[in-house]
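A structural walkthrough
One letter stands for each residue in the lines below.
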Amino acid sequence: RRRGRVFGINGIAGSLGTAAAPLLAAWLGSRLGWKAPHLVFGSLALLMGLYTLGVPPVSRDEEKTGSPGAREMERSPLSHLAFFYASCAFAGMGSRGVLTFLPTYLGRSLAVPGGLDQITLGGVAATFTLATGSLGQYISGRLVNKRRPDLLYTGTLFLSSLSVLLLAAGRGPLLVLGAMGYAFFTFGYQPMQNMVVGSLLPPRRHGLGYGLLAFTGFGVGSLAAALAGWLADHRGLSSLFFVMSLCYALAGLMAGGLLVLRGHRLGHPA
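These lines cover the structure that appears in this document, whether it is placed above or below. (Residues numbered from 1 in each chain as written. Predicted model: local features only at pLDDT ≥ 70, side-chain atom pairs only at ≥ 80, totals over all residues. Heavy atoms only, no water.)

Description of the overall build of the chain
When its secondary structure is counted, the chain shows 12 helices and zero strands. Along the chain, helices (α) and strands (β) appear in the sequence α-α-α-α-α-α-α-α-α-α-α-α when read from the amino end. Taking all 270 residues of the chain together, the buried fraction comes to 44%. Within the chain, contacts between residues at least 6 apart in sequence are counted, and of these 84% link residues at least 24 apart. Looking at the chain as shown, the accessible area adds up to about 14,000 Å², and 69% of this sits on carbon and sulfur atoms. (Helix = DSSP H or I, 4+ residues; strand = E, 2+ residues; numbered from the N terminus. Buried < 20%, exposed > 50% of the residue type's maximum accessible area, 1.4 Å probe, protein only. Contact = heavy atoms within 4.5 Å. Areas by Shrake-Rupley, 256 points an atom, 1.4 Å probe, with all protein chains shown as cover.)

Some thoughts on the pattern of salt bridges
All chains considered together, the criterion is met by two salt bridges. With a shortest N-O distance of 3.1 Å, Arg148 and Asp150 are connected by a salt bridge. For the salt bridge of Asp150 with Arg262, the shortest nitrogen-to-oxygen distance reads 3.7 Å. With a gap of 112 residues between them, Asp150 in helix α8 (residues 149-169) and Arg262 in helix α12 (residues 237-262) connect regions that are remote in the sequence. (Salt bridge = Lys/Arg side-chain N within 4 Å of Asp/Glu carboxyl O.)

So, helix α9 (residues 173-200)
A rise of 1.5 Å per residue sets the reference length of α9, with its 28 residues, at 40 Å; its end C-alpha atoms lie 40 Å apart and thus fit the reference within 8%. For α9, the buried fraction is high: 20 of the 28 residues fall into the buried class. (Expected span 1.5 Å × (residues − 1).)

Focus: a nonpolar patch on the surface
A cluster of nonpolar side chains, Leu24, Val40, Phe41, Leu44, Leu47, Leu50 and Leu53, forms an exposed patch at the surface whose accessible area comes to about 680 Å². The dominant element in the nonpolar patch, judged by the number of residues it contributes, is helix α2 (residues 35-52), at five residues. Within the secondary structure, Phe41 sits in helix α2. (Patch = residues over 30% accessible without salt bridge, like charges linked within 9 Å, V, L, I, M, F, W, Y side chains within 5 Å.)

Points about α8
Helix length check: α8 (21 residues) gives 30 Å between terminal C-alpha atoms against 30 Å at 1.5 Å per residue, within 8%. Taken residue by residue, α8 has Pro149, Asp150, Tyr153, Thr154, Thr156, Leu157, Ser160, Ser161, Ser163, Val164, Leu167 and Ala168 as its buried positions.

Overview of the packing of helix α7 (residues 132-143) against α9
It is at 7 Å that the axes of α7 and α9 come closest, and there the two elements cross at 35°. In the crossing of α7 with α9, the sense of the turn from one axis to the other is right-handed. On α9, the residues touching Thr132, Gly133, Leu135, Gly136, Gln137, Ile139 and Ser140 of α7 are Met180, Ala183, Phe184, Phe187, Gly188, Gln190, Pro191 and Met192. Class assignment for the residues of the contact of α7 with α9 results in eight nonpolar, seven polar and no charged. (Axes fitted to C-alpha atoms, helices over the stretch in contact; angles between N-to-C directions. Left-handed = near helix turned anticlockwise from the far one by under 90°. Nonpolar A, V, L, I, M, F, W, Y, C, P; charged D, E, K, R; others polar.)

Re the packing of aromatic side chains
For the structure on display, the rule yields five aromatic pairs. Taking the centre distance of 4.3 Å and the plane angle of 40° together, the rings of Tyr105 and Phe241 count as tilted. Residue Tyr105 is located in helix α5 (residues 78-109), and its partner Phe241 is located in helix α12; the two are separated by 136 residues in the primary sequence. Here the two residues Tyr105 and Phe241 agree in accessibility, since each one is buried. Ring centres of Phe184 and Phe185 lie 5.1 Å apart, and the angle between their planes is 85°; this geometry places the pair in the edge-to-face category. Given the relative accessible area of 22%, Phe184 is considered partly exposed. The rings of Phe84, Tyr85, Tyr153 and Tyr189 are connected pair by pair, giving a single aromatic cluster. (Phe/Tyr/Trp six-rings, centres within 6.5 Å; stacked < 30°, edge-to-face > 60°.)

Remarks on the nonpolar core
Within the largest apolar cluster, 48 residues are counted, with the highest numbers of intra-cluster contacts made by Phe84, Tyr153, Leu167, Tyr182 and Leu240. Of all the elements in the fold, those that place two or more residues in this core are α1 (3-32), α5, α6 (118-130), α8, α9, α11 (223-235) and α12. Examining the composition of this core, we find that 12 residues originate from one element, α5, more than from any other. Leaving out residues up to four positions away in the same chain, Leu167 has contacts with Val98, Leu102, Tyr105, Leu106, Leu175, Gly178, Ala179 and Phe241. (Core = buried A, V, L, I, M, F, W, Y, C linked by side-chain atoms within 4.5 Å.)

Quick notes on the environment of Ala20
On the secondary structure map, Ala20 appears in helix α1. Taking relative accessible area as the criterion, Ala20 reaches 27% and is therefore assigned partly exposed. Residues Ala20 and Leu130 lie 110 residues apart in sequence; the distance between their C-alpha atoms is 8.2 Å.

The structure is reproduced here in structure tokens:
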């Protein structure tokens, strides 16, 4: 019954880790070389993977507890899933494209006293702005249990697009505001995505649904890193943020298409 809140708490932990990564990577890289962050973070990931082997499995009865509207979920046609996962793919492209170059962009665009080099400044600024994502996760986790997640998801994607547009065009305080807005809304829509998956698919298909969500958001979305690199080389760093803003806008249009297909009849999960 409090699934949205649980997704929010889970997201907060991930958001804090994502926020801390640029600062830790900059600190390790500046002192121990560029390979050090990869070795440290890779080792932590392996340790966590081993830890999960000892986590007890969830029973089928527990999986079904609190599952919303199973009868309606059975009727979700393929077109609904296509629009939703297309939105996840475009949103993933926007997210990965921005996140890949955010520390570098902030390090080059901001000027603060203290004589910090661009790498350290970018790491500190990125960590500060990305930490806002934890607040987005918390608020989102509270909202999705009370409001329609599909409608919230659509609006949040367009707000993400506007934030990245401000990030591309802004300077000084507006630049920081755009970065914070990106983190707040991008991390904030993740619990909404999870709740929409739960409303589109029956309980026995939730594992597949979450797997497809990860594939489109992270797998397909990772293609944007290569596109962003090409844009940075040939058009400058600012150009890639304009393109990533467009990706978020397309994601919002796809999510809006899902709303139209569903005829605004879906209520929020219990």
